[in-house]
Amino acid sequence: MSDFVESARRDILVESVSDYTVSHEMTVCDLVEAFGKSHGFMASHVYNASRVLAAMLSDADVLKIFSFTGNLAATGLRGVIAQLIREGFADVVITTCGAVDHDIARSTGSRYYKGDWLYDDAFLRSVEVHRLGNVLIPWEGYGIAIEKFTRSLLDELVKVKKEWSGVELLAEVGKRLRDENSFLRAAYEKGVPVVVPGLLDGAFGTNIVFHSTMSGLKLDLLADEKLLSEKVFSARKVGGLIVGGGISKHHALWWSQFKEGMEYSVYITTAVEYDGSLSGAHLREAITWGKVKPSGKSVVVYGDATVLLPIIVVGAKCLMKRG
């Protein structure tokens with residue numbers, strides 16, 4: 001064996017893969033730790049995501065951006081999202097109008113139901129039920145419920161003033177929702193701004209459009225961007241917990257470039273990078289755009305966020321407690 005081969009091997013063959021077993025007495029902390037030792041394949045990414053998240057939460061100089069997609073608010077993970085906001089995982093939330101819609105609907109009494117991916121969609125339409133993956137939503141529990149709440153809200157707010165930013169509107173929504181699992185309520189309680197760059201892309205936004213034609217209500221989305229820019233430019237570092245792709249992911253990364261990129265970044269996704277999409281783009285690609293620092297701590301975890309996010313969060317809490 002040549003000196004070159006021996007030297008190269010010493011550099012890369014450092015830590016061996018370890019087997020592990022499971023039991024009913026095993027905690028989530030134990031499992032995440034075992035993932036780190038077993039390494040292959042996404043197990044190591046889950047463990048590293050917990051490490052990066054713990055490091056970000058322990059760094060007092062970091063502006064913590066929490067972005068997530070709207071579909072997650074239609075699932076029970078909504079309660080975890082609200083919990084993370086209450087527990088200080090976010091200084092800014094970036095999400096979609098879909099998340100706002102589901103949060104309003106569910107917080108005002110609409111019930112979403114367990115379904116199946118294989119239900120006949122023509123049948124579901126005939127009985128007036130929406131399908132979101134394997135979640136079922138009665139028609140009256142979505143559009144009508146959101147319309148009723150939003151029109152009442154805007155009727156009230158337009159008497160106070162005619163022009164509102166998106167962040168201000170969503171704070172008013174959170175103020176009125178009496179649901180501990182509402183992420184908008186949690187954000188209102190913690191004073192965390194919720195930025196929705198695509199606020200018109202959903203039932204809540206459409207009702208703003210309809211209401212404005214009658215009331216003269218004006219929506220100032222530039223104010224949201226100015227608030228976001230002020231937070232980024234005044235921060236020493238930026239970090240992100242990014243759950244899902246699309247506009248919420250891009251917006252979090254886009255503003256981070258004005259701070260030379262994210263210092264810490266965890267991305268949970270099911271999208272692959274080989275179609276060149278934004279959702280599939282790996283965080284290493286974001287380095288080329290100045291959105292993630294080359295020296296930063298980042299990890300991409302492939303899989304369903306409804307399974308992975310709680311595990312990663314618990315793992316981060318364990319690491320922080322352990323010090």
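Heads up: the structure comes first, above all this text.
Residues numbered from 1 in each chain as written. Predicted model: local features only at pLDDT ≥ 70, side-chain atom pairs only at ≥ 80, totals over all residues. Heavy atoms only, no water.

What to know about the sheet that holds strand β3 (residues 113-114)
Moving on, step 1. Taken in spatial order, the three strands of this open sheet run β3-β5-β4, and their pairing is antiparallel. Each end of this open sheet is capped by a strand with a single partner; those strands are β3 and β4 (129-132).
Moving on, step 2. Bridging between β4 and strand β5 (residues 135-138) involves four bridges; their strand directions are antiparallel. Counterpart to V129 in the pairing with β5 is P138. (Pairing = 2+ DSSP bridges. Helix = DSSP H or I, 4+ residues; strand = E, 2+ residues; numbered from the N terminus.)

Considering the pattern of salt bridges
Moving on, step 1. A full pass over the atoms with the stated rule returns 16 salt bridges.
Moving on, step 2. One salt bridge in this structure joins R236 and D61, with 3.5 Å as the shortest N-O distance. One end of the pair, R236, is in the loop between α11 (221-234) and β9 (237-243); the other, D61, is in the loop between α3 (43-58) and β1 (62-68), and 175 residues separate them in sequence.
Moving on, step 3. Judged by relative accessible area, which is 63%, R236 ranks as exposed.
Moving on, step 4. Between R151 and E147 there is a salt bridge, and its shortest N-O distance comes to 3.6 Å. One end of the pair is R151 and the other is E147, both in helix α7 (residues 143-157) and four residues apart, which spans about a single turn.
Moving on, step 5. Given the relative accessible area of 36%, R151 is considered partly exposed.
Moving on, step 6. You can call E147 partly exposed: its relative accessible area is 32%.
Moving on, step 7. Salt bridges linked by common partners bring R78, D103 and D179 together as one network. (Salt bridge = Lys/Arg side-chain N within 4 Å of Asp/Glu carboxyl O. Buried < 20%, exposed > 50% of the residue type's maximum accessible area, 1.4 Å probe, protein only.)

Observations concerning the environment of M42
Moving on, step 1. Following the sequence through the fold, M42 ends up in the loop between α2 (28-38) and α3.
Moving on, step 2. For M42, a relative accessible area of 29% gives the class partly exposed.
Moving on, step 3. The spatial distance from the C-alpha of M42 to the C-alpha of V300 is 9.3 Å, given a sequence separation of 258 residues.

Details of the side chain of S110
Moving on, step 1. Considering the arrangement of structural elements, one finds S110 in the loop between α5 (97-107) and β3.
Moving on, step 2. For S110, the side chain forms a polar contact with the main-chain oxygen of G141, separated by 2.8 Å. (Polar contact = N/O pair within 3.5 Å; in protein donor to acceptor, adjacent residues only side chain to side chain.)

Here's the deal with unusual backbone geometry
Moving on, step 1. A cis geometry characterises the amide bond from G40 onward to F41, with omega recorded as -5°.
Moving on, step 2. Even without glycine at this site, E128 takes up a positive phi of about 60°.
Moving on, step 3. Mapped onto the elements of the fold, E128 is located in the loop between α6 (121-126) and β4.
Moving on, step 4. Its relative accessible area of 42% is what places E128 among the partly exposed residues.

Section: the nonpolar core
Moving on, step 1. In terms of nonpolar packing, the biggest core is built from 73 residues, with L53, F66, F68, I85, F183, F204 and V243 touching the most fellow members.
Moving on, step 2. Here this core gets 10 residues from one element, more than from any other, and that element is α3.
Moving on, step 3. Among residues more than four places away in sequence, those in contact with F66 are I81, L84, I85, A90, V92, V93, I94, L241 and V243.
Moving on, step 4. Ranked by size, the runner-up nonpolar core spans 20 residues in total, among them I65, V232, V238 and V300. (Core = buried A, V, L, I, M, F, W, Y, C linked by side-chain atoms within 4.5 Å. Contact = heavy atoms within 4.5 Å.)

Some details on the sheet that holds strand β7 (residues 194-195)
Moving on, step 1. The parallel open sheet is built from six strands, whose spatial order is β7-β2-β1-β9-β10-β11. The open sheet is flanked by β7 and β11 (292-302), the only strands paired with a single partner.
Moving on, step 2. Note that β9 and strand β10 (residues 262-269) share five bridges and pair parallel. Bridge assignment links G240 to a residue of β10, and that residue is S265.

Here's the deal with the packing of aromatic side chains
Moving on, step 1. Summed over all chains, the structure comprises six aromatic pairs.
Moving on, step 2. Centroid distance F233 to F258: 5.9 Å. Interplanar angle 45°. Geometry classified as tilted. With F233 in helix α11 and F258 in the loop between α12 (246-256) and β10, this pair connects stretches of sequence that are 25 residues apart.
Moving on, step 3. Take F258: its relative accessible area is 35%, and that puts it in the partly exposed class.
Moving on, step 4. Taken together, a centroid distance of 6.4 Å and an interplanar angle of 80° make the contact between W254 and F258 edge-to-face.
Moving on, step 5. Take W254: its relative accessible area is 36%, and that puts it in the partly exposed class.
Moving on, step 6. Joined through ring pairs, the aromatic side chains of F233, W254, W255 and F258 make up one cluster.
Moving on, step 7. When the ring centre of Y112 is taken as origin, the NZ or CZ atom of R106, which lies over that ring, is 5.5 Å away.
Moving on, step 8. It is K161 that lies over the ring of W164; its NZ or CZ is 4.7 Å from the centre. (Phe/Tyr/Trp six-rings, centres within 6.5 Å; stacked < 30°, edge-to-face > 60°. Lys NZ or Arg CZ within 6 Å of the ring centre and 35° of its normal.)

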